[in-house]
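Each chain is listed here by its residues.
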Amino acid sequence: MGTGSSFEQEEDCDIISDNGVIKRIPIEVKPRRTLGGSFRQGGRSFIGRRNKGASLRSALSVDLENTEVEKIRKEYEMYKIGKQNEMGDLSKKQQKLESENRRVRAELQALQKTCSKLRHERDLALDAEHQALERAMTFETERDKVQRQFKIFRETKEGEIQNLLKARRELENKIQKNGGGHHGTVTDIADTTSRGGDLFSNANPGDWWTALESEPSIGSTTQLQPMFKGPEFAHSLGDIEGPFTTVNKEDWNAVAATLAQAMTSFPQTVQSTTLRLYVSAPRDMHTEVDLLKKEYICRLQQLCEVEGRFFIMIHLPFDDHIKLTEHLLVKEMNTRQRQIQHCSVFLAFLGEHTNRFTSEEYDFGCLDSPGAKPAIFCFRNPAYRGCKSSQGEARQLKRLVRDSGKAKIIDPYDNPVAGAEVAYRELEKIVKLELGLENRKIKEEDSGFGDDEGEDMCTGCIWDLHNDYEHLEAFSHASMSTCELAFEKHYSRLNDHVSAAGPLPPLLVSGNSGSGKSLLLAKWISLLHKKHPNTLVLYHFVGGPCTVSADPVHMIRRFTAQLMQNVTAPPPLTCEPGRLVQEFPKWLERVSSKLQGGVVLVIDALDQFRNAETHLKWLLDPLPVDTRVVVSVEMDFCPSAWRSWPTIQLEPFSSKQVKELVQALCCEYNFKLTSEEETQILAHCRTPSTRSPLYLTVLINEITMAYTGRCLKDKLDSSLRYPDVVELYRHVMESIENEFEDIASRGMLKKVMQLIYVARNGLSEAEIFKLVPSLNWTFWAPVCDCLQNRSILVSRSGLLTFQHEQAREAVQLSYCSGAFEKELVSTRRKLIDLFSASLKPGLTTCRVADELPWLVQEAGNKDELKICISNLCVFKKLYAKGRCSELIAYWHHIGTDKTSMAAAYFNAIKKCEEMIGGLITLPRIAEFYELLGKFLKDLGLLKEAMTPLQKSLEIYESLDPDHPCVASALYQLAGLHGQWNKFATAEALYKQALEISENAYGTDHHHVAKILDALAVLYQKQEKHQQAEGLKRRAVSIRHKSRRPTSHTAQLGSIDPLRRRALQLEELVLGQDSVDVAKSLNELGVLYYLQNNQETAEDYFKKALEMRESLLGSEHADVAQSLNNLAALYNDRKEYSKAEPLYERALEIRQNIFPSDHPSVAATIKHLAILYKKQGRNAKAEPLYKQAVEIREKSFGSSHPCVATALVNLAVLYCEQNKHTDAQPLYERALKIYEDTLGPNHARVAETLRNLAVLRYEQGDYEMAAKLYKRATDIKELGQAFCNKAPSRRSSTGGASTVRNILNNMYFSEQH
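Residues numbered from 1 in each chain as written. Predicted model: local features only at pLDDT ≥ 70, side-chain atom pairs only at ≥ 80, totals over all residues. Heavy atoms only, no water.

### Notes on the packing of aromatic side chains
Here the distance between the centres and the angle between the planes together describe a pair of aromatic rings.
(1) Moving on: Applying the stated criterion across every chain yields a total of 22 aromatic pairs.
(2) Moving on: For the pair Tyr296 and Tyr424, a centre-to-centre distance of 4.8 Å together with 20° between the ring planes defines the contact as stacked. Here Tyr296, found in helix α8 (residues 286–306), pairs with Tyr424, found in helix α12 (residues 416–435); they are 128 residues apart in sequence, far enough to count as distant. Neither residue differs from the other here; Tyr296 and Tyr424 are each classed as buried.
(3) Moving on: Arranged with centres 4.7 Å apart and planes meeting at 25°, the rings of Phe769 and Trp777 form a pair that is stacked. (Phe/Tyr/Trp six-rings, centres within 6.5 Å; stacked < 30°, edge-to-face > 60°. Helix = DSSP H or I, 4+ residues; strand = E, 2+ residues; numbered from the N terminus. Buried < 20%, exposed > 50% of the residue type's maximum accessible area, 1.4 Å probe, protein only.)

### A word on the packing of helix α25 (residues 725–740) against helix α29 (residues 805–815)
(1) Moving on: Remark: α25 packs on α29, axes separated minimally by 8 Å, with the N-to-C direction vectors making an angle of 60°. Here the hand of the crossing between α25 and α29 comes out right-handed. In this structure, α25 uses Val725, Val726, Tyr729, Arg730, Met733 and Glu737 to contact α29, whose residues at the interface are Gln806, Ala807, Glu809, Ala810, Val811, Leu813, Ser814 and Tyr815.
(2) Moving on: Of the residues in the contact of α25 with α29, the class split is 9 nonpolar, 2 polar and 3 charged. (Axes fitted to C-alpha atoms, helices over the stretch in contact; angles between N-to-C directions. Left-handed = near helix turned anticlockwise from the far one by under 90°. Contact = heavy atoms within 4.5 Å. Nonpolar A, V, L, I, M, F, W, Y, C, P; charged D, E, K, R; others polar.)

### Looking at the pattern of salt bridges
(1) Moving on: For the coordinates displayed, the defined rule picks out 63 salt bridges.
(2) Moving on: Measuring nitrogen to oxygen at the nearest pair gives 3.3 Å for the salt bridge that ties Glu352 to Lys398. Placement of Glu352 in the loop between β5 (345–350) and α10 (358–367) and of Lys398 in helix α11 (residues 392–404) is noted, with a sequence separation of 46 residues between them.
(3) Moving on: Classification of Glu352 by relative accessible area gives buried; the value is 8%.
(4) Moving on: For Glu739, the salt bridge goes to Arg790, with nearest N and O atoms at 3.6 Å. Taken together, the residues span a long stretch of sequence, with Glu739 in helix α25 and Arg790 in the loop between α28 (777–789) and β13 (793–796) at a distance of 51 residues.
(5) Moving on: The exposure class assigned to Glu739 is partly exposed, which follows from its relative accessible area of 40%.
(6) Moving on: Each member of the salt-bridge network shares a partner with another, and the members are Lys331, Glu702, Lys715, Glu739 and Arg790. (Salt bridge = Lys/Arg side-chain N within 4 Å of Asp/Glu carboxyl O.)

### What to know about α11
(1) Moving on: With 13 residues, α11 extends 19 Å between its outermost C-alpha atoms, agreeing within 8% with the 18 Å of an ideal straight helix rising 1.5 Å per residue.
(2) Moving on: Those residues of α11 hidden inside the fold are in contact with β5, α10, β6 (375–380) and β7 (408–413).
(3) Moving on: Positive backbone phi, at 65°, marks Gly405, one or two positions downstream of α11. (Expected span 1.5 Å × (residues − 1).)

### Things to note about the environment of Leu1231
(1) Moving on: Position of Leu1231 relative to the elements: it lies in helix α50 (residues 1220–1238).
(2) Moving on: In this structure Leu1231 touches Val1245, Thr1248, Leu1249 and Leu1252, once residues within four positions along its chain are discounted.

### Concerning the pairing of strand β11 (residues 627–633)
(1) Moving on: Burial of β11 is extensive: 7 of the 7 residues sit out of reach of the surface.
(2) Moving on: The alternating pattern of β11 places Thr627, Val629, Val631 and Val633 on one face and Arg628, Val630 and Ser632 on the opposite face, and all of these are buried.
(3) Moving on: As paired elements, strand β8 (residues 507–511) and β11 share 4 bridges and run parallel to each other. Among the inter-strand pairings, Val509 is bridged to a residue of β11, identified as Ser632.
(4) Moving on: Judged from the 5 bridges that link them, strand β10 (residues 599–603) and β11 form a sheet pairing that is parallel. Looking at the pairing, Val600 lines up with Arg628 of β11. (Pairing = 2+ DSSP bridges.)

### Here's the deal with the nonpolar core
(1) Moving on: Residues Tyr362, Phe377, Met753, Trp780, Ile792 and Phe935 are the most contacted members of the largest nonpolar core, which totals 160 residues.
(2) Moving on: With residues up to four places along the chain from it excluded, the contact list for Phe935 reads Cys575, Phe875, Tyr879, Cys884, Leu887 and Met901. (Core = buried A, V, L, I, M, F, W, Y, C linked by side-chain atoms within 4.5 Å.)

### Examining the confidence of the model for the chain
(1) Moving on: Chain-level pLDDT for the chain is 77 on average; 76% of the residues reach the 70-or-more range.
(2) Moving on: In the model, residues 52–62 has pLDDT below 50 throughout and makes 4 contacts with residues more than four positions away in sequence or in other chains.
(3) Moving on: Contacts from residues 1044–1056, a stretch scored under 50 in pLDDT, to residues over four places away or in other chains number 28 contacts. (pLDDT = per-residue confidence, 0-100.)

### Some remarks on the sheet that holds β8
(1) Moving on: Reading across the sheet, the 5 strands line up as β9-β10-β11-β8-β12 and stay open at both edges, with parallel pairing between neighbours. What marks the edges here is a single partner per strand, and that holds for β9 (536–540) and β12 (647–650). Each strand axis lies, on average, 15° off the axis of its neighbour in the sheet, ignoring direction.
(2) Moving on: Of the strands in this sheet, β8, β10, β11 and β12 are in contact with helix α16 (residues 488–499), which crosses β12 at around 165°.

### Description of the sheet that holds strand β4 (residues 310–315)
(1) Moving on: Spatially, β4-β3-β5-β6-β7 is the arrangement adopted by the 5 strands of the open sheet, whose pairing is parallel. The open sheet has two free edges, formed respectively by β4 and β7, since each of these has just one partner strand. Put simply, the sheet's adjacent strands are angled 15° from each other on average, direction ignored.
(2) Moving on: When β6 meets β7, the two strands line up parallel, connected through 4 bridges.

### A short note on a nonpolar patch on the surface
(1) Moving on: Nonpolar side chains collect at one region of the surface, where Ile322, Leu324 and Leu328 lie side by side and expose about 240 Å² of accessible area between them.
(2) Moving on: Within the fold, Leu324 resides in the loop between β4 and α9 (326–342).
(3) Moving on: By relative accessible area, which is 33% here, Leu324 ends up partly exposed. (Patch = residues over 30% accessible without salt bridge, like charges linked within 9 Å, V, L, I, M, F, W, Y side chains within 5 Å. Areas by Shrake-Rupley, 256 points an atom, 1.4 Å probe, with all protein chains shown as cover.)

### Quick look at helix α32 (residues 862–870)
(1) Moving on: All of the buried residues along α32 are Glu864, Leu865, Cys868, Ile869 and Ser870.
(2) Moving on: Against the buried residues of α32 lie α30 (821–836), α31 (846–859), α33 (872–880), α34 (884–893) and α35 (898–913).

### Observations concerning the packing of α16 against helix α17 (residues 517–531)
(1) Moving on: One can describe the packing of α16 onto α17 by two numbers: an axis separation of 11 Å at closest approach and a directional angle of 55°. When the axis of α16 is compared with that of α17, the two are oblique. The hand of the α16/α17 crossing is right-handed. Residues His490, Tyr491, Leu494, Asn495 and Val498 of α16 form the contact with α17, whose participating residues are Leu520, Lys523, Trp524, Leu527 and Lys531.
(2) Moving on: For the contact of α16 with α17, the per-class residue count stands at 6 nonpolar, 2 polar and 2 charged. (Parallel < 35°, antiparallel > 145°, perpendicular 65-115°, else oblique.)

### Regarding the side chain of Thr844
(1) Moving on: Positionally, Thr844 belongs in the loop between α30 and α31.
(2) Moving on: A relative accessible area of 7% places Thr844 in the buried class.
(3) Moving on: Among the polar contacts made by the side chain of Thr844, one reaches the main-chain carbonyl oxygen of Ser838 at a distance of 2.8 Å.
(4) Moving on: A polar side-chain atom of Thr844 sits 3.2 Å from the main-chain carbonyl oxygen of Lys840. (Polar contact = N/O pair within 3.5 Å; in protein donor to acceptor, adjacent residues only side chain to side chain.)

### Structural notes on the environment of Trp524
(1) Moving on: Following the sequence through the fold, Trp524 ends up in helix α17.
(2) Moving on: Given a relative accessible area of 0%, Trp524 falls into the buried group.
(3) Moving on: For Trp524, the residues in contact, after removing those within four places along its chain, are Tyr491, Leu494, Asn495, Val498, Val600, Val602 and Val630.
(4) Moving on: A polar side-chain atom of Trp524 sits 2.9 Å from a polar atom in the side chain of Asn495.

### Let's talk about the environment of Ala1127
(1) Moving on: Examined against the element boundaries, Ala1127 turns out to sit in helix α45 (residues 1117–1132).
(2) Moving on: Those residues within four positions of Ala1127 in sequence are excluded, and the remaining contacts are Ala1139, Leu1142 and Tyr1143.

Put into structure tokens, the structure is as follows:
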């Protein structure tokens, strides 16, 4: 038992609050005293302890009577009441808070609904704004078009009104004088038209609308001459004006015709990056070959590598003691023939003995085609102590070489050392001429500055042709194929797409790999050039998925540069990828709208482009009306967005087509299959993969390598085991290994294939020999020929690469996968080390810049990649070729933004500045600063571009403050300030640059015109239109003075240095005076004349004339040709007194040599007659004009337009002599011929009617004159209805015949 306090009391219980929460209220209980203790305090202690029998009730009763308990109970009650009150208050507060919470929740939900509504309204507003901006842009575009059309219409009508007023005044004056009077000044229609065209073509750079503000319109330009000015001389439709008019057809006419048209295909003779030297030397001359290879070839290789070229010496020794079968003998002969055909220089050492192939090598190298390539023959002195007894074949070969007269002969040399040395000297001259190094060092020493490469880099439409041959050679290779089965229906579909009316989406040419897509496009492009010569065709063929040609930005930049060639004074060509892609559609629309035939873009292998969907989004937008795009793609890799385009699907060949192709290929290879073998092939080719043109081509190539019946059967059986092209390629490479590799050369083919596979663009043979030292030409020459003949490898720009992607895939499976993957790492490392050795000033070439960064990126070494692309030489080469997008991609790959990239290049230049010496000079440092400034300016980093441009200017000014490089730096800085709207600073810099350029180049140089254009644009931004107009006029005048008479200036510029090198090689080999050298001098004179460089042309014409007179005599046809060309030059310069005796002498020579109706005689008569006419000596001109009529009647018949032209010219001459009675029948006869042959609404009819109207007016028959003049005016107005532009073939009504019908209908409706 315990005390009473140990029992649970009612008051000490849990209290349940109103909200159900159980709370325990603690009760403070003081410790109780025992009963014994209480008694003892009362003084009585009669109870010492509680009795054993005492009850609990008694104890409790005692306890309950205690007053202190009551006190505690009261306190508890009071505490309890207080807590209950507090709980009530808390409950009320809780209820209040809950109600407040519900109210806030309701407000929050209302706010959320309001926010969602506002967000939706905002999205709708943004969409509306975007649509409004699009409508505004469309409106601005349409407004600009209307403004341009109205401007042309207004200028045309203003010109017509002015001409009509002027004609009315002239008529009034003539009426007052009662008729009579003489004819006006005779002007040539062709000259007037060409002048008008040049004025219109001289547009200013910058915005299109801005350029049109000050240029004359088409209508106003063609109406500048008075309407009623007298008779005009007509020109024959077939005549070609210029100094080359009467050049012999076998000499220059073919070249002129080529220049007059766009190049339809890639030229076969491309400037290769490899100079190949073939050395012919019998066994007893190997000492000279070894000395040449050991002592001198390395020097030539270094000379070429500095210029980005390769030099290879090919020597195929042969031991006469080895017995060869007839088949092996033929193969050896074919190998030597192919190597000599592909070589650049032929070198021969000969003593008194020959070997088995010496005679054939001399035939291939020189005797069969003398002068086709430089040939050097070194004949050793017969008295040399090592010579053997004389051999008759050696003496005969020496005699034949001397008689050919087309080779450099060194005869004799005393010993092998002297022979190797003299051969090296001649080779060095030829190599320097080929590289264009003959005058470069002198120029650089005189100027103190480096080359002027930076002037043309990325500043217009000048393109790096040397490194842009990849896609052109891919096109050329495809176009040379003979397979065109079932292409006719596709040609028709392609032509219909080009000729269709209205804007159209791109046309998709799809098919499996190897189905002939590239071949179809290449063949069609050639046909399109012939069918539509006025159409600008731009094409791009991808060489491989990893190559430069697979970069869409690079392609767009090249297309833009080609479009800019059709605009006078184009703006600088940017290198910023975003701007290039954004501006390209605008250039397409601008150029296609001005060209009569529009623009056609042909892009092959679109699926192989990198990031095609990002950079080629413009293909999804509506294309310009006069632009057509044709692309090819493998449908399995075609993006979904392109699948909706109209498509031409190339299906696998049918059995009949397979048979036809097999027969065509066998016929091409001069190989015949039996009917059983042909049936066996047809039975095998049943699946789509075996019925592709590529599979059949590779199969037939492999079969034709068998040369006996048994071998053919085994070859056929083994080849027909493979179901697709890839496996067939693997079999072909395995058979090549078995055929050519022996114990010494085991694994050599695998090494070469791995190197080519790892490289980006392929490898040159010089690089392969460096990377594989054990390789020799005895093994490699036949193997390389076999690989190319079997469509595995192909040479593009001097680099060996895979001809088809299936060949690359086969190499990957055979040599680069599985156990060979580890070998690829070391192979890639070899290539990286090879190119890294050239990262030095003066040694870094475009080839290094192409390959090294890509190889390092593929290796995954970001630190090494940063070092590589930070190299200033790599930066310069990539920027010079317009490869900025690739450069930026490399920096992005290593995680560096544009600002950090700019800082890295700036710091690299500063480090170079601290290490000046050797090839690192102050002009070079300034050039790098200027280059970096241009680069950053193009990228839009204006702030970062300021510092390097200022540094460049400071260095240039410290060297020579009046050098043109200072003007270039000032020009760049001025453009930068102009973009910042700091017009005052920009104007001062432009004026300073203008002053320096005028002092350096003269006032009529194109650099001066460029600065004037930029300054005019600056004035326009400041609303100073009057000053801007004056500068524009001056710039147009400068360009008009320095214009070239042909639009194909890029072709002339590329032919000129080639022609000069050919002349220098001819002089080197043939001597200073020869017939061929005189011919080259004459052609160079024509080229310089076409480029408006008349002083240089005159020098070449005089040299050619003097040489021909001394070699051929004064009465030779070539002498007459030179006389005619020199006379034409003087005639063009209006030096008639010098031209007249030359024309007369040329006519006399040609009349003595050729019949009277020969074209050369007729042309000379025509030019001499015009010359007399210009001098006012009509009496001497009249018999010549009559003779011209007789010649043309005899040559073309009496009803040819050329006869009508001669009749008009004679009639004009009679009118000027007041012989109107004699002139009238000539006019009427010419008019009838023109109407019968050219139609009643031709321009020539209008010209003849106008001349006849003048004649009738001067005869006093005013009524007839008015009728004739009205008809002539109506015909001209019909032609002007099309703004002097022939209607586009894409009009909805049809082609030229439809347009002629419309004109005829209009004419006859007016008559009735």
